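Chains, contacts and geometry: an overview
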Amino acid sequence: ERLLLKEYIASAGSLAATEMAAYERMYTVWSAMEGAGVRAPSGSLSDMPSASVSALVGYMESGSSFAAPEFLASWTTNMRCEPPAVGNPWLLFRFEGMRTAAGWPDAVAAAMRDEQQAANRGSGPFAQLAKAFGAATGGAAPEQPTALRARYARALAHGALRALCAMHATGVAHRGLGPACFGLSTLDYRAADQLRVRIDNFG
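Some words on the confidence of the model for the protein
Mean pLDDT over the protein works out to 83, with 82% of the residues at or above the 70 mark. The secondary structure element of the protein with the lowest average pLDDT is helix α4 (residues 125-136), at 59, and the one with the highest is strand β4 (residues 182-184), at 95. Here residues 40-46 scores under 50 on pLDDT; set against residues more than four positions off or in separate chains, the count is 6 contacts.

Below, the structure written as structure tokens:
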């Protein structure tokens, strides 16, 4: 299983503790709900409230081995950034990709550019003949990109609100909500049916 490691500097340890406390509270309440037989209508794991937040799987603190010369040399060579300091707290999450709602506008802009280029290529006589042939044979017209993007936007909003409701039902408030706090399973607007939205960054 791949993990996402989130490091806090030692002076921000209270933020790590706040995030851990939020997860502990949510998981405790959701476990009690499951124990009481409260289930999502479909009964599927993806429909349970816990699927609406990033999965915290562990915690650690940078130990003295992080100061060892061989570790520092390996880190600098492979990671190409400053090594972590001894005593820094880390939260470990199940890796579910790095896509967030903050990246959606750029993804839409890129898709629109691609669509325009495809439209420019597809305006010749052969492309027009293919369109006419499809219409004449009763071929179903594909759903328009604008409608697909609107469906994706509705799915994103629904998933974000669902995540917030699941969180608030446990008595947890986020305190720093923004587009980057909503992780997305996909930025492909044609895949609205597969979109899963999760909330994170509770520190």
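As for the packing of aromatic side chains
What the rule picks out here adds up to 8 aromatic pairs. Measuring from ring centre to ring centre gives 6.3 Å for phenylalanine 66 and tryptophan 90, while their planes differ by 50°; the resulting arrangement is tilted. Taken together, the positions of phenylalanine 66 in the loop between β2 (56-61) and α2 (69-79) and tryptophan 90 in strand β3 (residues 89-94) put the pair 24 residues apart, joining distant regions of the chain. The buried category is assigned to phenylalanine 66, whose relative accessible area is 14%. Put simply, the rings of Tyr23, Tyr27, Trp30, Phe93 and Phe202 touch in pairs and so form one group of aromatic residues. In this arrangement the basic side chain of arginine 149 is found over the ring face of tyrosine 189, its NZ or CZ atom lying 5.2 Å from the centre.

Focus on the nonpolar core
Within the largest apolar cluster, 30 residues are counted, with the highest numbers of intra-cluster contacts made by Met26, Ile199 and Phe202. In terms of residue count, helix α5 (residues 145-168) provides more of this core than any other element does, 8 residues in total. In contact with methionine 26, other than residues within four places in its own chain, are Val53, Met167, Thr170, Val172 and Phe202.

Thresholds, definitions, all that
- Residues numbered from 1 in each chain as written.
- Predicted model: local features only at pLDDT ≥ 70, side-chain atom pairs only at ≥ 80, totals over all residues.
- Heavy atoms only, no water.
- pLDDT = per-residue confidence, 0-100.
- Helix = DSSP H or I, 4+ residues; strand = E, 2+ residues; numbered from the N terminus.
- Contact = heavy atoms within 4.5 Å.
- Phe/Tyr/Trp six-rings, centres within 6.5 Å; stacked < 30°, edge-to-face > 60°.
- Buried < 20%, exposed > 50% of the residue type's maximum accessible area, 1.4 Å probe, protein only.
- Lys NZ or Arg CZ within 6 Å of the ring centre and 35° of its normal.
- Core = buried A, V, L, I, M, F, W, Y, C linked by side-chain atoms within 4.5 Å.

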